[in-house]
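So the chains spell out like this:
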Amino acid sequence: MSLTSTIAGFCLTLVTLVPCGPAASAQNPLRDHTEGVEIRFGRTQPVVGYTLRVEAGDLSGFDVELRLRNVPDTFRLAMVAHPEYDDRYWRFVEALRVETPSGAAAVPREDSALWRVVAPGGGALVRYRIHLPPAESPRAAWRPFLAATGGLVGGPHAFLYVVGATLAPSHLTLELPPEWQIATGLEPTLDPHTFFAPTVGVLVDSPLLVGRLRSWRFAVDDVPHRVVYWPLPDAAPFDTAALVGSIERLTRQAVALFGRAPYRDYSFLLEDGAYGALEHRSSVTLGAPSAELARDPSGLLAETAHEYFHTWNLMRIHPAEYGDVSYRTPPRARGLWWSEGLTMLYADLLLRRAGLPVFDSTRVAHLEGLIGRYLASPGNSRFAPESVSVVAYGAAPGSLGDYSASTHLQGELLGTMLDLIVRDATHGARSIDGVMRAMLERFAGARGFTGRDIERTVVDVCGCNVHAFFEAHVRGPQPIEFDRYLRLMGLRAHVAWTPALGRDGQPAVDLRLYAWQPPAESLLSLVITNPGSAWGRAGLHTGDRLAVLNGAPVATVAYFRSIVTRLRIGDTAAFEVRRPSGAWRTAVVVAGYERPVVRLEEIPGATERQRTVRAEWIAGSPR
Ligand SMILES: [Zn+2]
């Protein structure tokens, strides 16, 4: 997932606030009505070959051919659901037909993402087209697109697979406009247009960036890496050597942490004109606008570091709920606080170790900012991180009622506190690095981790008891007692609540609410992100349906935002909402609000041991 955390219904990347994609809502009501249809393939997996064709004259979509041998007379085809970003591209499958040696076969659709094929004879040729949905602006870096000079194809958005045969290897051949190049995490073959995927999981987790590409290579411990850039025709020039050099330095730090790279080669797939990013097993798709890179060649490093670290912490070390690929959405994971939060922690730490630019001058300043954000939103301490993980992706906006919370933030702070606990308990011999390596040793295989597994792993590394910590702050909703853990390095948090200021230095308007459009409903739904906000204090609640604002109906989210972002302190906003109990009205006096400013200060009488832990934590050196 991208640095993108779902905050206030918007996907917040480091630089932009954009509406979350369709992945965030609208689950398919048919999807789970198909128990018991799977044939399990044993030793005799089907033989599978794909061809994906892009015609320069028609960029509305791409054609896919699927050649199957060793299949039973009746089998199912399906489209994989991504565990977090299920873009439901089964909606865009067109002209699906199946040919067999004895003629055309029937392909009844059994469910949204599931088709039954009756094709006696053991072989079949499947053809279909993915008709791409209208281009979005800005474009999400992980979604397919086609333009005159290239595009992104493949992934879960492109390929039907034989249900029950997820261990079937396949070859994929691309037929592309002349002069288009290909960059992907799939294994190359002797034919430059043909690639190999050992499993369906690898096939759908290896998108293909195609077109007129720029690319650079470097090796880390003899493992090849490449940075590939797809520029818009009017791309702004930027310092490519600085970008590639920074990525190489970052890569070296991550590989050094774990001892080796977990892939055969790796591709950083950077796209001009796109936002956000998505991690894959041996590649990352990353929005990298040339205009932003021209302004600041290091502006994307934090996001790059985050996605790259997921190569280990999420793709290999994965939550127990994430098993093999499936057309069914997997259960929501309780361990994303670890997968996302520790990845946040390491994105910052690896950049520091590599001597690359970071947002905060020091680790202390970084931690002060994190604690401030945690305290600013009471949802962070009201809901257990394991519970917030469950609603981090795919849940309807407002799942936490009148509160919001960030699993990324909770997890980064928990990881930091655990780091201090491990350093203190081992007299500096070990750190969270050791926990991360042990997690890789234990969970790099098929088995994913649970919260208990993380606890056991920490215990084994530190030789200390963290049961109460996990009960209180991971499984339970007890606020993190920062001073208790900061004390281990001789610090405590001083918190001052001061008026929040805007960029102009003037008091900022309290905008701790947003609205979204529930599917198939006429009225927008409100979300209050803090019950102490001006909106919450005026009696508004998450789930209120907005009928009238300041005397006018509100048809769209964009209109709602245009109204509220123009409000000034002292204005009155008149709301009429619909509730199950009927209509309800309130007038909200628009106000400013306070936010916490956190400073870490030394405790009186800090010991030598505490000072040593602090110095080593601040240095952040590998342990
Ligand atoms: Zn992530």
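For the structure itself, consult the block above.
Residues numbered from 1 in each chain as written. Predicted model: local features only at pLDDT ≥ 70, side-chain atom pairs only at ≥ 80, totals over all residues. Heavy atoms only, no water.

Undergrad: Looking at this model, I keep getting lost on the sheet that holds strand β7 (residues 93-100). Mind explaining?
TA: Across a sheet, paired strands are connected by hydrogen bonds in the backbone, their directions being either parallel or antiparallel. Taken in spatial order, the eight strands of this open sheet run β8-β7-β11-β5-β4-β16-β19-β18, and their pairing is mixed. Looking at strand neighbours, the two that pair on one side only are β8 (103-105) and β18 (187-188), the edges of this open sheet. Taken together, the three bridges between β7 and β8 define a ladder with antiparallel strand orientation. In the sheet register, glutamate 99 faces β8, and the bridge partner there is alanine 104. (Pairing = 2+ DSSP bridges. Helix = DSSP H or I, 4+ residues; strand = E, 2+ residues; numbered from the N terminus.)

Undergrad: Got a minute to help me understand the pattern of salt bridges in this structure?
TA: For side chains bearing opposite charge, pairing can occur when the charged atoms are close. Throughout the structure, instances matching the rule amount to 37 salt bridges. Here arginine 116 and glutamate 110 are joined by a salt bridge, their closest N and O atoms 2.7 Å apart. Arginine 116 gets classed as partly exposed once you look at its relative accessible area, which sits at 28%. We note a salt bridge from glutamate 616 to arginine 623, for which the minimum N-O separation is 3.2 Å. By relative accessible area, glutamate 616 is classed as partly exposed at 23%. Salt bridges here are not isolated pairs; linked through shared partners, they connect Arg53, Glu65, Arg67, Glu99, Arg127 and Glu175. (Salt bridge = Lys/Arg side-chain N within 4 Å of Asp/Glu carboxyl O. Buried < 20%, exposed > 50% of the residue type's maximum accessible area, 1.4 Å probe, protein only.)

Undergrad: Honestly, the pairing of strand β23 (residues 266-271) in this entry has me stumped. Any pointers?
TA: With six of six residues buried, β23 is to be regarded as a mostly interior element. Residues Tyr266, Phe268 and Leu270 of β23 are buried on one face, and the alternating residues Ser267, Leu269 and Glu271, pointing to the opposite face, are buried as well. Two strands pair when backbone bridges link them, and strand β22 (residues 223-230) and β23 are joined in this way by six bridges, in the parallel orientation. Bridge pairing in β23 links tryptophan 230 to glutamate 271. Handedness of the crossover is the feature at issue here: the chain leaves β22, passes through helix α2 (residues 240-258), returns alongside β23, and the resulting connection is left-handed. The pairing of β23 with strand β26 (residues 283-287) spans five bridges and is parallel. By the bridge assignment for β26, leucine 269 is matched with threonine 285. (Right-handed = clockwise from strand over helix to strand, strands pointing away.)

Undergrad: Can you help me understand the sheet that holds strand β10 (residues 114-118) in this one?
TA: Across the sheet, which stays open at both edges, the four strands sit in the order β9-β10-β6-β15 with antiparallel pairing between neighbours. Edge positions in the sheet fall to β9 (109-111) and β15 (160-162), since each of these pairs with one other strand and no more. Averaged over neighbouring strand pairs, the angle between their axes works out to 35 degrees when direction is ignored. By the bridge criterion, five bridges tie strand β6 (residues 74-79) to β10 in an arrangement that is antiparallel. Looking at β10, one finds that alanine 78 is bridged to leucine 114. (Axes fitted to C-alpha atoms, helices over the stretch in contact; angles between N-to-C directions.)

Undergrad: What am I meant to see in the pairing of β7 here?
TA: For a regular strand, side chains alternate in direction, first toward one face of the sheet and then toward the other. Inspection of the sheet shows β7 paired to strand β11 (residues 123-131) by five bridges, in the antiparallel sense. What sits directly across from glutamate 99, in β11, is leucine 125. Where β7 hands over to β8, the hairpin turn is made up of two residues, counted between the paired strands.

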